[in-house]
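Take a look at the letters that make up each chain.
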Amino acid sequence: MDDTKRANNPLVSIQKSTYANIDVESLVNPLGGFTKYIHSGDRVLLKTSLLIPSKPEKAVVTHPAVVSAIAQAVLKIGGIPYIGDSPSGQFTKRRLEKTYTKAGLKDLANKLGIELNYDTSSQKVTIPNGKKLKKTILCNFVLNADKIIALPKIKTHTYMIMTLATKIMYGVIPGLTKARYHSMFFKKTAFADMLLDVLSVRKPDLIIMDGIVGMQGDGPSGGTPINLEVLLASEDAVAMDLAVCGMLGIEPIGIPTLRQAKIRKLWPAEISYPLLSPTDVRYTGFLLPSTADYLVTGRKKPKRSPVPTEKCTACGQCEEICPKKAIKIINQKAQVDYTKCIQCYCCHETCPYEAIKLEVIK
Ligand code: SF4
Ligand code: SF4
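Residues numbered from 1 in each chain as written. Chains lettered and ligands numbered in written order. Predicted model: local features only at pLDDT ≥ 70, side-chain atom pairs only at ≥ 80, totals over all residues. Heavy atoms only, no water.

If you tally the helices and strands in the protein, you get 13 helices and 15 strands. Relative to the 2.2 N^0.38 estimate, which gives 21 Å for 362 residues, the radius of gyration of the protein is 19 Å and therefore close to what a compact globule would have. Counting only C-alpha atoms and orienting by the principal axes, one finds that the protein spans roughly 55 × 45 × 40 Å. Taken over 362 residues, the protein has a buried fraction of 59%. For the protein, restricting intrachain contacts to residue pairs at least 6 apart in sequence, the fraction spanning at least 24 positions comes to 74%. When the accessible surface of the protein is split by element, carbon and sulfur atoms take 50% of a total near 14,900 Å². Side-chain charges of the protein comprise 49 positive and 32 negative groups, with the mean position of each set lying 7 Å from the other. (Helix = DSSP H or I, 4+ residues; strand = E, 2+ residues; numbered from the N terminus. Rg over C-alpha atoms; globule rule 2.2 N^0.38 Å. Buried < 20%, exposed > 50% of the residue type's maximum accessible area, 1.4 Å probe, protein only. Contact = heavy atoms within 4.5 Å. Areas by Shrake-Rupley, 256 points an atom, 1.4 Å probe, with all protein chains shown as cover. Lys, Arg positive; Asp, Glu negative; His and termini not counted. Charge placed at Lys NZ, Arg CZ, Asp CG, Glu CD.)

Below, the structure is given as structure tokens:
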């Protein structure tokens, strides 16, 4: 992110909400309203969080009720909303179709008469202020948008501890290139810097975070849903993530993207909360991933490694995504070669059957 382009006192709007009763206009009005960001005729990408094909109640994907409310707000002012993301695994039309259908977005798009992105093309772009990445491949569905509204979800992440607004634009990197970056940037600090570089390429114009039902424990796909009943809106991803940390009682320096953002002087001097503050919506007892136990105990522990369990169906998705080719399907079960494994947990987050546990290997 370019320091010169960020507000030093960003606004983060926080509202109590349920999926049955969403009022995005009241949420965005304190920031200037939707008309500040969207003009009639703009093609507006609703950059949802669509990690894997998963039903909304599992809290893995941005809930369709949130996507619906925002799509309707865009339509109301004459914008042309379309829904897109690059889920994990191969970036193909087939995978997109499965993901949209399971997430309830296909029905939603039909109901509202809006577009789902099926363009899987990409191109190389340079990152002028990149610290780790000077160029990358980016999906064209992102580059072709006039405006972007990013819709992250409050979720834990076994590798990055939390996946919030500073990580939402990782989905603009197509398919398996994301797994390759795990191999190239296998240290957490380097990976977090790479995420901030990617965020700087095409900063969302507006971010609206689905925190109505979030995920705790071993997210981003294998954790448990948790009722938090909040929606947040901001232009500033770092400010939004700091607000979430305040709400959940998490030390922000423990979140790699926020730690690197602080080093890069991307933390705002102050954050203004025009509606509720993080203290007003404070949640106690939020469970971080098992891989973050050092944040809770203050003691460094051996890293956990992926262990396939009896739930494994030999579907092969972990084998496909592993950036180090450390997993093979042998005798109808995934087997990990721990001499190659870099503990990136891509296999854990991609497994559709929650068949991988994370354990300390003796
Ligand atoms: S561990 Fe999961 S992703 Fe890997 S083969 Fe088994 S079921 Fe599929
Ligand atoms: S086995 Fe899993 S955790 Fe290990 S490198 Fe492969 S994807 Fe990453």
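After that view of the structure, there is still more to cover.
What follows is about the site of ligand 2. All residues in the neighbourhood of ligand 2 are listed as Pro306, Cys322, Pro323, Ala326, Ile327, Cys341, Ile342, Gln343, Cys344, Tyr345, Cys346 and Cys347. Looking at the shell around ligand 2 residue by residue, the classes come out as 11 nonpolar, one polar and no charged. (Near = heavy atom within 4 Å. Nonpolar A, V, L, I, M, F, W, Y, C, P; charged D, E, K, R; others polar.)

As a further point, take the side chain of Arg264. Along the polypeptide, Arg264 turns up in the loop between helix 10 (256–263) and helix 11 (293–297). According to the relative accessible area criterion, Arg264 is buried, its value standing at 14%. In this structure the side chain of Arg264 is engaged in a polar contact, spanning 2.7 Å, whose partner is the side chain of Asp197. (Polar contact = N/O pair within 3.5 Å; in protein donor to acceptor, adjacent residues only side chain to side chain.)

Note that Val238 resides in helix 9 (residues 237–248). Along the backbone, Val238 and Thr166 are 72 residues apart, and their C-alpha atoms lie at a distance of 6.2 Å.

A word on the domain arrangement of the protein. The assigned domain composition of the protein is domain 1 (3–289) and domain 2 (302–359). The partner domain 2 presents 16 residues to the 20 residues of domain 1 that form the contact. Approximately 1,500 Å² of surface area, both sides summed, lies buried where domain 1 meets domain 2, with 55% of it carried by carbon and sulfur atoms. Considering only the surface of domain 1 that becomes buried against domain 2, Thr158, His182 and Ser183 emerge as the three largest contributors, covering 26% of it. Joining domain 1 to domain 2, the criterion identifies one salt bridge. The salt bridge partner of Lys58 is Glu354, with a shortest N-O separation of 3.1 Å. At the boundary of domain 1 with domain 2, the tally comes to four residue pairs in polar contact (both at pLDDT 80 or more). (Domains from an automatic or database assignment. Buried area = accessible area lost by both parts, 1.4 Å probe. Salt bridge = Lys/Arg side-chain N within 4 Å of Asp/Glu carboxyl O.)

Moving on, we get to helix 4 (residues 93–102). Within the sequence span of helix 4, burial applies to Arg95, Leu96, Thr99 and Tyr100. Angular distribution of buried residues about the axis of helix 4 spans 125°; they occupy a single face of the element. Of the exposed residues in helix 4, the ones pointing more than 90 degrees away from its buried face are Lys93 and Arg94. Contacts made by the buried residues of helix 4 are with strand 3 (80–84), helix 5 (105–112), strand 4 (115–116) and helix 12 (317–321). (Arc of directions from axis to C-beta.)

Moving on: the site of ligand 1. The full set close to ligand 1 counts 13 residues, and Cys312, Cys315, Gly316, Cys318 and Cys351 are the nearest of them. Broken down by class, the residue content of the shell around ligand 1 amounts to 11 nonpolar, two polar and no charged.

The next subject is helix 3 (residues 64–76). Taking 1.5 Å as the rise per residue, helix 3 with 13 residues should run 18 Å; its terminal C-alpha atoms sit 18 Å apart, in good agreement. Listing the buried residues of helix 3 in full gives Pro64, Val66, Val67, Ser68, Ala69, Ile70, Ala71, Ala73 and Val74. At the exit of helix 3 stands Gly78, carrying a positive phi of roughly 90°. (Expected span 1.5 Å × (residues − 1).)

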